[in-house]
Amino acid sequence: MSDTSKVSKADAGTKGQQAAPTDDPTAAPVATVDPRLLVREEGLKGYWTEFTRKVKGGELGSLPVVIGLIVIWTIFQLQNDRFLSADNLSNISYYLSATGMLAIGLVFVLLLGEIDLSVGSVSGLASTLFAVYVVNHGMNAWLALLLAVLTGIAVGALQGWFFAKIGVPAFVVTLAGFLGWNGLMLWLLGSSGTINIPSDSGPVHLLGQNSFFMDQAIIGAYLLAGLGVVLTLVGNFGEQRRRKAAGVPFRPTGEILVRVGALAVASFVTAAVLNDAAGVSNALVIFLAALVIVDFVLRRTTYGRKVFAVGGGIEAARRAGISVPMIRITVFAISGGFAAIGGMFFAGQTASATLSAGGGNTLMLAIAAAVIGGTSLFGGRGSVWSALLGMLVIQSIQTGLDLLNMNQSIQYMITGGVLLGAVVIDSVSRKSQKAAGRG
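Thresholds, definitions, all that
- Residues numbered from 1 in each chain as written.
- Predicted model: local features only at pLDDT ≥ 70, side-chain atom pairs only at ≥ 80, totals over all residues.
- Heavy atoms only, no water.
- Helix = DSSP H or I, 4+ residues; strand = E, 2+ residues; numbered from the N terminus.
- Buried < 20%, exposed > 50% of the residue type's maximum accessible area, 1.4 Å probe, protein only.
- Lys, Arg positive; Asp, Glu negative; His and termini not counted.
- Salt bridge = Lys/Arg side-chain N within 4 Å of Asp/Glu carboxyl O.
- Contact = heavy atoms within 4.5 Å.
- Core = buried A, V, L, I, M, F, W, Y, C linked by side-chain atoms within 4.5 Å.
- Expected span 1.5 Å × (residues − 1).
- pLDDT = per-residue confidence, 0-100.

Caption draft 1: Quick look at the side chain of Arg328. Relative to the helices and strands, Arg328 resides in helix H16 (residues 324-350). Here Arg328 is buried and forms no salt bridge, its nearest opposite-charge partner Glu114 lying at an N-O distance of 4.7 Å. Among all residues touching Arg328, those that are not within four sequence positions of it are Leu112, Gly160, Phe163, Ala164 and Ile314.

Right, here's the structure in full:
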């Protein structure tokens, strides 16, 4: 046997391994196995080992919020057996979408380690502009919607410009926006303080509770569940094929099938529960579609990687050739755009633009949703799905306390406690990751 063939066999036997450093320069390198390959080779034991390693290293992901959600649902169900009824869960799924849209935009800003305090005012301004265009000027409802959303994007970009180019802290710029855009909204509403929007106006009807997917409840709910499962299956197998071709660790077929199977069960159970009530609302469908699209942008595009890079370290991002000001301006523009869309969701719920639009605790709940769901306040880590998880927690607390006839003050205290807990977990997680050499 030739020396070349011996080397080839040795390389094949250590595929997925790399030499570990040693203190003795004369010692032969010791091969260490890629932990992802070890997981695949050891089966269930490997998955458990990897799970415990991540938990010890502070890589908790969405585990704390999922456990918290289970605890919240269990407590409220024990207090009132109507909490997990189809009608109540349908209400939770419908009303979380408006604030959830604001939370999606805030995830982008939080990934940079910044904050946007103007989203509540921008959402109220957008719904007011829509009402003024449609009711006072007789404009086509869809054109008015487009102009309202573009206004939100422009407002966000303007605030981002002051932050990125002038150097004004984002906190100050968006606080000024919070006050200024709210004042403009009040001026547009006039002395009446309310503009009622015809319920049959295109976007308002689309986002109302009497919507297409609710009218076609059984077909719509199961069609959406099936579509989500199929797309997930195709996406996972596509990623597996690409990683195989690149020669890097990939998810085995068995794991993919288990994951997609769990998603299928959750999706069809949710569809069945919502069908027992009013069905799936258009607002929830649009919210979920927005989550899927934005998640793709953040995880699968160059722009998304740049956002994470800037959030992880500005100087390193600059050295990598990333235009930091451009990323900052576009991120705030995205936040303003989603705030405007959220304002339209609020208008759809009430068929009006009012003084309270985007006011009250809307801003705080949107920020809390993103943070409670797992997006770090320190930047560089998070997911848009945190907007969904966080809103599920917040809306569940609101709805559960309403069923128990609790005062709103109790809701604020509980939500504040949950938010503090989420930030504490995030801080501890970051310290654990640094201690493990991954921070």
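Back to the write-up after that little detour.
Caption draft 2: Fine view of the nonpolar core. With 97 residues, the main nonpolar core has Ile104, Phe130 and Phe287 as its most contacted residues. Of the residues forming this core, the biggest block, 15 residues, is contributed by helix H5 (residues 86-111). When residues no more than four places from it in sequence are discounted, the contact partners of Phe287 are Leu96, Ser97, Gly100, Met101, Ile104, Ala387 and Leu388.

Caption draft 3: A look at helix H4 (residues 63-79). Here H4 is 17 residues long and its end C-alpha atoms lie 25 Å apart, about the 24 Å a rise of 1.5 Å per residue gives. Its buried side turned inward, H4 meets helix H17 (362-372) and helix H18 (385-403).

Caption draft 4: Spatial organisation of the confidence of the model for the chain. Here the chain averages 81 in pLDDT, and 81% of its residues register 70 or above. Ranking the elements of the chain by mean pLDDT puts helix H1 (residues 3-13) last with 43 and helix H7 (residues 141-166) first with 95. Note that pLDDT drops below 50 for residues 1-23; the model gives that stretch 18 contacts with residues more than four away or on any other chain. Per-residue pLDDT stays below 50 along residues 29-34; that stretch engages in 15 contacts with residues further than four places along the chain or on separate chains.

Caption draft 5: Structural detail: the side chain of Ser267. Within the secondary structure, Ser267 sits in helix H12 (residues 253-275). If we skip the residues at most four places from it in the chain, Ser267 touches Ala225 and Val229.

Caption draft 6: Structural view of unusual backbone geometry. Although it is not a glycine, Ala351 adopts a positive phi angle of roughly 55°. Within the chain, Asn405 stands out as a residue other than glycine whose phi angle is a positive 60°. Inspection of the secondary structure puts Asn405 in the loop between H18 and helix H19 (408-435). For Asn405, a relative accessible area of 71% gives the class exposed.

Caption draft 7: Structural detail: the pattern of salt bridges. On inspection of all chains with the given rule, the structure shows four salt bridges. As a salt-bridge pair, Arg300 and Glu239 come within 3.4 Å of each other at their nearest N and O atoms. Here Arg300, found in helix H13 (residues 282-300), pairs with Glu239, found in helix H11 (residues 217-246); they are 61 residues apart in sequence, far enough to count as distant. The partly exposed category is assigned to Arg300, whose relative accessible area is 35%. As a salt-bridge pair, Arg319 and Glu315 come within 3.5 Å of each other at their nearest N and O atoms. Of this pair, Arg319 and Glu315 are both found in helix H15 (residues 314-319), four residues apart, which corresponds to roughly one turn of the helix. Its relative accessible area of 71% is what places Arg319 among the exposed residues. Exposure remark for Glu315: the relative accessible area of 42% places this residue in the partly exposed category.

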